[in-house]
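Below, each chain spelled out in residue letters.
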Amino acid sequence: MTSYLDLDYAIVAFVDILGFSEMVKSDCENKNGNLKFFEVLRKLNAKTKSIMGCSIKQFSDSIIFTLPLSKNNYEKMIRILSDYQYELICQSIVCRGAISYGKHYEENEFMFSQALIEAYQLECTEAKYPRIVISNNLIDFYNEKSYPIEAIIRERDTLFFVDYFRGRDKEKLRIILKKFNDEMINYSMNIKEKYYWLNEYWEYSFQEGLDFNKTRFERIE
């Protein structure tokens, strides 16, 4: 019988796919039987699972990534999530999430995890935008200031997140963000704010302005 003391430490990421209900509706109501979003997620999850030692489980719009706790696996998790988030956005799918660490146990369909609870709570309260934030306890544990990881960036709200635009195809991302912008009229303000954030993130990443990104204020003459 497993006791609390037998639980191992793990790095766990909780990722939420934004707009998932509309994706399910689109696939299920497609008369041509083309399951676009289903296939994208199925193939990407299978590809991620093939990475040695990485556990990935999806339920509805929630995806859980797990690796045993170690410095190498911390860096590996950042790379996995950076690639995952980039590949999703290349398919016009955005997500947000959080990473934490703590006691963790999983076996087949059963999961009992302090790390997952902390990652889930952080995603719900702090992620807000299409970013995967990193818990302060994980940043402190690996002393980010002394041993910086290139694929991590910090925002003005002091939160660190996975820098998934770093080293990516600038023009490809520009086209994707332009498509989001063209569809902006159909979104609520809550959703628009997430895409405004993406525009600012792109501009910071590539040190260039987007001609379709509107300034926050406008004087009406």
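Just above, that's the structure.
Residues numbered from 1 in each chain as written. Predicted model: local features only at pLDDT ≥ 70, side-chain atom pairs only at ≥ 80, totals over all residues. Heavy atoms only, no water.

Quick look at the overall build of the protein
Rules: Helix and strand definitions here come from DSSP, where helices need a minimum of 4 consecutive H or I residues and strands a minimum of 2 consecutive E residues; each element is numbered from the N-terminal end. The globule rule used here is 2.2 Å times the number of residues to the 0.38 power, and the radius of gyration it is set against is calculated over C-alpha atoms. Under the scheme applied here, a residue whose accessible area is under 20% of the maximum for its type counts as buried, over 50% as exposed, and between as partly exposed, the area being computed with a 1.4 Å probe on protein chains only. Residues are treated as being in contact if the distance between any of their heavy atoms lies within 4.5 Å. Note that accessible areas follow from Shrake-Rupley with a 1.4 Å probe, and for residues the cover is restricted to the protein chains shown. His residues and chain termini do not enter the charge count, which takes Lys and Arg as positive and Asp and Glu as negative. Charge positions are represented by NZ for Lys, CZ for Arg, CG for Asp and CD for Glu.
Tallying secondary structure elements over the protein gives seven helices and eight strands in all. Computed over its C-alpha atoms, the radius of gyration of the protein comes to 18 Å, within 12% of the 17 Å expected for a compact globule of 221 residues. Its C-alpha atoms give the protein principal-axis dimensions of about 70 × 50 × 30 Å. Scored against the burial criterion, the 221 residues of the protein give a buried share of 45%. Counting contacts in the protein only where the partners sit at least 6 residues apart, residues at least 24 apart contribute 70% of the total. On the protein, roughly 13,100 Å² of surface is accessible, and the fraction owed to carbon and sulfur atoms is 51%. Put simply, the protein has 30 plus and 34 minus side-chain charges, and the middle of one group is 3 Å from the middle of the other.

Some thoughts on helix H6 (residues 170-182)
Selection criterion: Here the expected length of a helix is defined as 1.5 Å per residue gap, with one fewer gap than residues. The directions from the helix axis to the C-beta atoms form the arc being described.
Over its 13 residues, H6 extends 18 Å from the first C-alpha to the last, a length consistent with the 18 Å expected when each residue adds 1.5 Å. Buried within H6 are the following residues: Leu173, Ile176, Leu177 and Phe180. Along H6, the residues classed as buried sweep out an arc of 95° about the axis, all on the same side. Where H6 is buried, its residues touch helix H3 (71-89) and helix H7 (189-206).

A closer look at the pairing of strand E2 (residues 55-59)
For a regular strand, the rule is simple: side chains alternate between the two faces of the sheet. Quick reminder of the rule: Here the rule is simple: two strands pair whenever DSSP picks up at least two bridges between them.
Here E2 runs beside strand E3 (residues 62-68); their pairing, made up of five bridges, is antiparallel. Looking at the pairing, Gln58 lines up with Ile63 of E3. If you look at the hairpin formed by E2 and E3, you'll find two residues sitting between the two strands, and Ser60 has a positive phi there, around 55°.

Observations concerning the nonpolar core
Note that soluble globular proteins tend to have their nonpolar side chains buried in a common cluster. Filter applied, for reference: Among buried residues, the Ala, Val, Leu, Ile, Met, Phe, Trp, Tyr and Cys ones that are joined through side-chain atoms within 4.5 Å form a nonpolar core.
Judged by nonpolar contacts, the single largest core of 36 residues is most densely connected at Phe65, Tyr74, Leu81, Ile99 and Ile134. In terms of residue count, the dominant contributor to this core is H3 (seven residues). Among the nonpolar cores identified, the runner-up in size contains 27 residues, and Tyr86, Val133, Tyr195 and Leu210 belong to it.

Digging into unusual backbone geometry
The backbone of Ser60 shows a phi angle near 55°, a positive value even though the residue is not glycine. Judged by its relative accessible area of 38%, Ser60 is partly exposed.

Brief notes about the layout of surface pockets
Where empty space is left in the structure can be found by rolling a water-sized probe over the atoms. What counts is decided by this rule: The method works on a 1 Å grid over the protein atoms by themselves. A cavity is a set of points holding a 1.4 Å probe that cannot get out, a pocket is an open set with protein on both sides within 12 Å along at least five of seven lines, and residues with an atom within 4 Å of a point line them. Grid points are joined across faces, edges and corners, and a volume is the space filled by probe spheres set on the points. Amino acids outside the nonpolar list (Ala, Val, Leu, Ile, Met, Phe, Trp, Tyr, Cys, Pro) and the charged list (Asp, Glu, Lys, Arg) are all regarded as polar, and Gly is one of them.
By volume, the largest pocket amounts to about 560 Å³. Mapped onto the lining of the largest pocket, the elements with two or more residues apiece are helix H1 (20-28), helix H2 (36-49), H6 and H7. Top element by residues in the lining of the largest pocket is H7. It accounts for four residues. Partitioned by chemical class, the residues of the lining of the largest pocket number nine nonpolar, six polar and six charged. In this structure, the second largest pocket spans a volume of roughly 370 Å³.

Side note on the side chain of Ser113
The residue Ser113 is located in strand E5 (residues 110-113) in this model. If we skip the residues at most four places from it in the chain, Ser113 touches Val12, Lys103 and His104.

Considering the packing of H6 against H7
Where we set the bar: Only C-alpha atoms enter the line fits that serve as axes; for helices the fit covers just the stretch in contact. Angles between N-to-C directions range over 0 to 180 degrees. Each angle is binned into one of four classes, with values under 35 degrees roughly parallel, values over 145 roughly antiparallel, values of 65 to 115 roughly perpendicular, and all other values oblique. Throughout, a crossing is termed right-handed when the near helix is turned clockwise from the far one, and left-handed when it is turned anticlockwise from it by less than a right angle.
Contact geometry for H6 and H7: axes closest at 11 Å, N-to-C directions at 160°. The pairing of H6 with H7 is recorded here as roughly antiparallel in orientation. With respect to the hand of their crossing, H6 and H7 are arranged in left-handed fashion. Contacts between H6 and H7 involve Lys170, Leu173, Arg174, Leu177 and Phe180 from the first element and Tyr195, Leu198, Asn199, Trp202 and Phe206 from the second.

That is the geometry; function is a separate question.
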